[in-house]
Amino acid sequence: MGRNVYQFTISTKEKQSFTNLDTYLKRALSDSGVNDGIMVVYCPHTTGAITINENADPDVKIDSHLGLNETFPNKTEYIYMEGNSDGHMKSSVIGASETLIIEDGSILLGTWQSVYFTEFDGPRTRTIYPACNGQ
Amino acid sequence: MGRNVYQFTISTKEKQSFTNLDTYLKRALSDSGVNDGIMVVYCPHTTGAITINENADPDVKIDSHLGLNETFPNKTEYIYMEGNSDGHMKSSVIGASETLIIEDGSILLGTWQSVYFTEFDGPRTRTIYPACNGQ
Amino acid sequence: MGRNVYQFTISTKEKQSFTNLDTYLKRALSDSGVNDGIMVVYCPHTTGAITINENADPDVKIDSHLGLNETFPNKTEYIYMEGNSDGHMKSSVIGASETLIIEDGSILLGTWQSVYFTEFDGPRTRTIYPACNGQ
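Residues numbered from 1 in each chain as written. Chains lettered and ligands numbered in written order. Predicted model: local features only at pLDDT ≥ 70, side-chain atom pairs only at ≥ 80, totals over all residues. Heavy atoms only, no water.

So, the relation of the copies chain B and chain C
Link 1 in the chain: Screw-axis analysis of chain B against chain C gives a translation of 0.0 Å along the axis, an RMSD of 0.0 Å, and a rotation angle of 120 degrees. Here the two chains are linked by the operation of a three-fold rotation axis. Among all residues of chain B, the minimum C-alpha distance to the rotation axis is found for Val-93 of chain B, at 3.6 Å. (Least-squares fit on C-alpha atoms with pLDDT ≥ 70 in both.)

A closer look at the interface of chain A and chain C
Link 1 in the chain: Each partner contributes to the interface: chain A provides 29 residues, whereas chain C provides 35 residues.
Link 2 in the chain: When the two sides are added together, the surface that chain A and chain C hide from each other amounts to roughly 2,600 Å², 60% of it contributed by carbon and sulfur.
Link 3 in the chain: Here Glu-70 of chain C makes a salt bridge to Lys-75 of chain A, at a shortest N to O gap of 2.7 Å.
Link 4 in the chain: Between chain A and chain C we count eight residue pairs in polar contact (both at pLDDT 80 or more) in total.
Link 5 in the chain: Ranked by residues supplied to the side of chain A that touches chain C, first place goes to helix α3 (residues 85-94) of chain A with five residues.
Link 6 in the chain: Residue composition of the side of chain A that touches chain C, by class: 17 nonpolar, nine polar and three charged. (Contact = heavy atoms within 4.5 Å. Buried area = accessible area lost by both parts, 1.4 Å probe. Salt bridge = Lys/Arg side-chain N within 4 Å of Asp/Glu carboxyl O. Polar contact = N/O pair within 3.5 Å; in protein donor to acceptor, adjacent residues only side chain to side chain. Helix = DSSP H or I, 4+ residues; strand = E, 2+ residues; numbered from the N terminus. Nonpolar A, V, L, I, M, F, W, Y, C, P; charged D, E, K, R; others polar.)

A word on the sheet that holds strand β5 (residues 48-54) of chain A
Residues and elements named next belong to chain A.
Link 1 in the chain: Here three strands make up an open sheet; going across it, the order is β3-β8-β5 and the pairing antiparallel. Both edges of this open sheet fall to β3 (17-20) and β5, since each of them pairs with a single strand only. The mean inter-strand angle of the sheet, taken between neighbouring strand axes irrespective of direction, is 40 degrees.
Link 2 in the chain: Alignment of β3 against strand β8 (residues 113-119), held across four bridges, turns out to be antiparallel. (Pairing = 2+ DSSP bridges. Axes fitted to C-alpha atoms, helices over the stretch in contact; angles between N-to-C directions.)

Concerning the sheet that holds strand β3 (residues 17-20) of chain B
Residues and elements named next belong to chain B.
Link 1 in the chain: Ordered by their spatial adjacency, three strands build an open sheet running β3-β8-β5, and the pairing between neighbours is antiparallel. Because the sheet does not close on itself, it has two edges, and the strands there are β3 and β5 (48-54). Taken pair by pair, the neighbouring strands of this sheet meet at an average axis angle of 40 degrees, ignoring direction.
Link 2 in the chain: Pairing between β5 and strand β8 (residues 113-119): seven bridges, direction antiparallel.

Quick look at the interface of chain B and chain C
Link 1 in the chain: Counting from both sides, the interface comprises 35 residues of chain B and, opposite them, 29 residues of chain C.
Link 2 in the chain: When chain B packs against chain C, close to 2,600 Å² is buried across both sides, 60% of that on carbon and sulfur atoms.
Link 3 in the chain: Counting the contacts that link chain B with chain C gives one salt bridge.
Link 4 in the chain: For the pair chain B and chain C, the number of links is eight residue pairs in polar contact (both at pLDDT 80 or more).
Link 5 in the chain: At the level of elements, β4 (37-42), β5, α2 (59-71), α3 (85-94) and β6 (97-103) of chain B are the ones that each hand at least two residues to the side of chain B that touches chain C.
Link 6 in the chain: Counting residues per element, the side of chain B that touches chain C draws most heavily on α2 of chain B, which supplies ten residues.
Link 7 in the chain: Looking at the side of chain B that touches chain C residue by residue, the classes come out as 16 nonpolar, eleven polar and eight charged.

Regarding the packing of α3 of chain A against helix α2 (residues 59-71) of chain C
Link 1 in the chain: Where α3 of chain A meets α2 of chain C, the axes come as close as 9 Å, and the angle between the chain directions of the two elements is 65 degrees. Considering their axes alone, α3 of chain A and α2 of chain C lie roughly perpendicular with respect to each other. Two packed elements cross with a definite hand, and for α3 of chain A against α2 of chain C that hand is right-handed. Residues Ser-85, His-88 and Met-89 of chain A of α3 of chain A lie in contact with α2 of chain C, whose contacting residues are Val-60, Asp-63, Ser-64, Gly-67, Leu-68 and Thr-71 of chain C. (Parallel < 35°, antiparallel > 145°, perpendicular 65-115°, else oblique. Left-handed = near helix turned anticlockwise from the far one by under 90°.)

Thoughts on unusual backbone geometry
Residue and element names in this part refer to chain B.
Link 1 in the chain: That bond from Gly-122 to Pro-123 is cis: its omega, 0 degrees, falls within 30 degrees of zero.
Link 2 in the chain: Structurally, the position occupied by Pro-123 is in the loop between β8 and β9 (125-134).
Link 3 in the chain: The backbone of Asp-104 shows a phi angle near 50 degrees, a positive value even though the residue is not glycine.
Link 4 in the chain: Residue classification places Asp-104 among the exposed residues on the basis of a relative accessible area of 61%. (Buried < 20%, exposed > 50% of the residue type's maximum accessible area, 1.4 Å probe, protein only.)

Structure (structure tokens):
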């Protein structure tokens, strides 16, 4: 069984943002030589997350920021001294990873899907681990 | 290592709905011959998602629709021209996949659990990919 | 390919709580002998979930409880007779599992990350299944 854990870093520029990871993931998969199996894309941070969203019209991301901020606001009742409890909440809800299917040497994604790192307490330097499992 | 990606389509009938996928997943697992490993159930759409919820009392699904719609409403401030930003939001929060454990040729689910496709912008024809990895 | 499904039970003490699972997961991984691969941590209950959150300052968990309860309240319009539809909602949003990367015989977690069972309808006795896949 082939299996490879990769690591790359990205720099986020704003408090909350989406970074498209597709190019990094394709490069890791190509290097791994895995043709069939799964890829786990893992985020080791507690104020960031991995998600899949539309990659075509940027308005979807603008609306997603608005929706996330209004649904999970930074409440005045929050007591955590770092003041980023809203980011921990979003991170837990969106989730630390995505698991993708690898088929014939490609990541199986829908036509409009891309994989994103979502920053909830930037700007920061962030690490992402894609791991390829298969043959 | 045995590994098989399957594909099936479902037709959703309403704007928002839950479709039980258990029968499709059992059939894919049986055909794959995988006895021990994992199954990734993947949704390639950005206004749908895969989730696990109670399969007994249908009132749980009625309440879930109400809760999702009130927590993630289609806001008037949303700018995306297709008008389904609430669906993208729900899709990102519920998630594009579920990863299940395969043990002794069966999917390990709790007594009350079933796997559902959740439609957030129907009615539409949707594709689901279950992938079995193991031996 | 090594693969092992483990099972352990925990007792939750309150209506809503976080239980740190790291010790259980490390023990399962050590027993499995898997060095490289993935671990799926699965919750077979529909009013509980698995999540990854900060393990250092307990205030993060206090804020998370407040945030979850205000964002997904137990609405008076809910009709399900068991009265725990808010728990089903949170379970679906947080998710029934986490998929972790195993590298060099260890679970790849960020410095501040731990894996938690989140109880949404306690106190109860709960079962958790960690499954190690790899070599």
